[in-house]
Amino acid sequence: MARKITVDGVSKQYESPDGTVQALSDVSITVPAGEFCCLVGPSGCGKTTLLRMIAGLDTPTRGAIRLDGEPVTEPGLDRGMVFQEYALFPWRTVRENIRFGLERPACDCRDCAAQVEELVELVGLSGFENSYPSALSGGMKQRVGIARALAVDPEILLMDEPFGSVDARTRDRLHGELLDIWAETQQTVVFVTHDIDEAVTLGDRVLVMDSDPGTVQARIPIDCPRPRERTSPAFVDQVARIRAKLGDPSIEDSGDTTTQK
Ligand code: ADP
């Protein structure tokens, strides 16, 4: 199950001791149900702000965010979030951390226990159920974070640079695993990254953001079949196109669709 996300004319200002920060200015996007949508852009362009507002952890200064037409007013079990820094409880085991994502974490009924075991298996952590986070690699910790976000079977998965702290080889493996999970669960995914290769590897579509203030300046469909080969001409062309949009003058922009939401 999946839900459509509509971001309609959203602006966000923060008040700080140094004055007002315009984090986002009049951003409008539509993420169709079931789409894997990547947000790329330089640091400070408002990617995390946008994700947090979709999650209901923050509110727009202007405009509205809707899920299947219903305004977002607070966090909900229909949205799972995965953070870069894992956000695991160090004093809980893998199994207990994942259990914490359930709607009723304290429930020890057979169904809940079975659900946790299924999630452990889904993210490839069988055998590590009783390990503590300190004994896990970065990639394994992030698998726990993903399992915990999936525990309530959310219709929307929001991921904020989830693989930013893992090594390149592990990241490649996690990409494959995430795409397998997505193929199975059919959720709507919004995935924030500043890594263009990662966005083109994963996304059905890449939204390119700009900063000062944060806006969406291009919407680029990725028309390469999966699994994607990073050396294929189509992949290389998409990466070049996005890099050009991000303002690398050494690369020619070959043109794309920028007008749709
Ligand atoms: P990104 O995720 O693209 O790096 P962010 O969404 O984190 O960007 O930040 C966008 C802008 O908003 C930045 O200028 C950042 O400093 C500012 N900002 C983010 N959160 C806050 C906050 N809580 N208070 C003040 N400014 C903030």
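In this text the structure is predicted, and so the values were computed from the model without any measurement.

### Remarks on the overall build of the protein
- Helix and strand counts for the protein stand at 7 helices and 10 strands.
- A globule of 261 residues ought to have a C-alpha radius of gyration of about 18 Å, and the protein, at 19 Å, matches this closely.
- Taken across its 261 residues, the protein has 48% of its residues classed as buried.
- Long-range pairs, those at least 24 residues apart, make up 68% of the contacts in the protein with a sequence separation of at least 6.
- Element-wise, carbon and sulfur atoms account for 48% of the exposed surface of the protein, whose accessible area totals about 12400 Å².

### Considering the site of the ligand
- As a matter of local geometry, the ligand sits amid Tyr14, Val21, Ala23, Pro42, Ser43, Gly44, Cys45, Gly46, Lys47, Thr48 and Thr49.
- At 3.0 Å from an oxygen atom of the ligand is found a side-chain nitrogen or oxygen belonging to lysine 47.
- Residue threonine 49 places a side-chain N or O atom 2.6 Å away from an oxygen atom belonging to the ligand.
- Summarising the interface, the protein chains cover 61% of the accessible area of the ligand, which totals 560 Å² for the free molecule.
- Put simply, the parts of the chain that give the shell around the ligand at least two residues each are strand S2 (19-31) and helix H1 (47-55).
- It is H1 that contributes the most residues to the shell around the ligand, 3 residues altogether.
- Looking at side-chain class alone, the shell around the ligand contains 5 nonpolar, 5 polar and 1 charged residues.

### Re the nonpolar core
- Counting 48 residues, the largest nonpolar core has Phe36, Phe191 and Ile242 as the members making the most contacts within it.
- Of the residues forming this core, the biggest block, 6 residues, is contributed by helix H4 (residues 138-150).
- Contacts of phenylalanine 36, omitting those with residues within four sequence positions, involve Leu178, Leu179, Trp182, Val189, Phe191, Leu202, Gly203, Asp204, Arg205 and Arg226.
- The next biggest cluster of nonpolar side chains, apart from the first, holds 26 residues, and it includes Leu24, Cys37, Val72 and Met209.

### Focus: the pattern of salt bridges
- Per the stated rule, a full pass over the model turns up 14 salt bridges.
- Aspartate 78 is the salt-bridge partner of arginine 3, the closest N and O atoms lying 2.6 Å from each other. Here arginine 3 is found in the segment before strand S1 (5-16), whereas its partner aspartate 78 is found in the loop between strand S5 (70-71) and strand S6 (79-82), with 75 residues between them in sequence.
- Looking at arginine 3, the relative accessible area reads 11%, which means it is buried.

### Here we look at unusual backbone geometry
- In this structure, the amide linkage connecting aspartate 212 to the following residue, proline 213, adopts the cis form with an omega of -5°.
- Checked against the element boundaries, proline 213 lands in the loop between strand S9 (205-210) and strand S10 (215-221).
- Cis peptide bonds are those with omega within 30 degrees of zero, and the linkage from arginine 226 to proline 227 qualifies with -5°.
- Here proline 227 lies in the loop between S10 and helix H7 (233-245).

### A few points about the side chain of arginine 148
- Note that arginine 148 resides in helix H4.
- Here arginine 148 occupies a buried position and makes no salt bridge, while the nearest side chain of opposite charge, glutamate 96, is found at 11 Å.
- Separated by 2.9 Å, the side chain of arginine 148 and the backbone oxygen of alanine 87 make a polar contact.

### Thoughts on the environment of leucine 57
- Position of leucine 57 relative to the elements: it lies in the loop between H1 and strand S4 (62-67).
- For the pair leucine 57 and glycine 76, spaced 19 residues apart in sequence, the C-alpha to C-alpha distance is 9.7 Å.
- In this structure leucine 57 touches Arg52, Pro75 and Met81, once residues within four positions along its chain are discounted.

### Here we look at the packing of aromatic side chains
- Inspection of every chain in the model, using the stated rule, returns 5 aromatic pairs.
- A ring pair is formed by phenylalanine 36 and phenylalanine 191, whose centres lie 6.0 Å apart and whose planes are at 40°; its orientation type is tilted. In this pair, phenylalanine 36 is assigned in strand S3 (residues 36-40) and phenylalanine 191 in strand S8 (residues 188-193), connecting sequence segments 155 residues apart. No difference in accessibility class separates phenylalanine 36 from phenylalanine 191, as the two residues are buried.
- Both rings, one in phenylalanine 163 and one in phenylalanine 191, keep their centres 5.9 Å apart while their planes meet at 55°; by these two values the pair is tilted. Residue phenylalanine 163 is located in the loop between strand S7 (156-160) and helix H5 (168-185), and its partner phenylalanine 191 is located in strand S8; the two are separated by 28 residues in the primary sequence. Phenylalanine 191 matches phenylalanine 163 in its accessibility class, with the two residues each being buried.

About the thresholds
Residues numbered from 1 in each chain as written. Predicted model: local features only at pLDDT ≥ 70, side-chain atom pairs only at ≥ 80, totals over all residues. Heavy atoms only, no water. Helix = DSSP H or I, 4+ residues; strand = E, 2+ residues; numbered from the N terminus. Rg over C-alpha atoms; globule rule 2.2 N^0.38 Å. Buried < 20%, exposed > 50% of the residue type's maximum accessible area, 1.4 Å probe, protein only. Contact = heavy atoms within 4.5 Å. Areas by Shrake-Rupley, 256 points an atom, 1.4 Å probe, with all protein chains shown as cover. Near = heavy atom within 4 Å. Polar contact = N/O pair within 3.5 Å; in protein donor to acceptor, adjacent residues only side chain to side chain. Nonpolar A, V, L, I, M, F, W, Y, C, P; charged D, E, K, R; others polar. Core = buried A, V, L, I, M, F, W, Y, C linked by side-chain atoms within 4.5 Å. Salt bridge = Lys/Arg side-chain N within 4 Å of Asp/Glu carboxyl O. Lys, Arg positive; Asp, Glu negative; His and termini not counted. Phe/Tyr/Trp six-rings, centres within 6.5 Å; stacked < 30°, edge-to-face > 60°.

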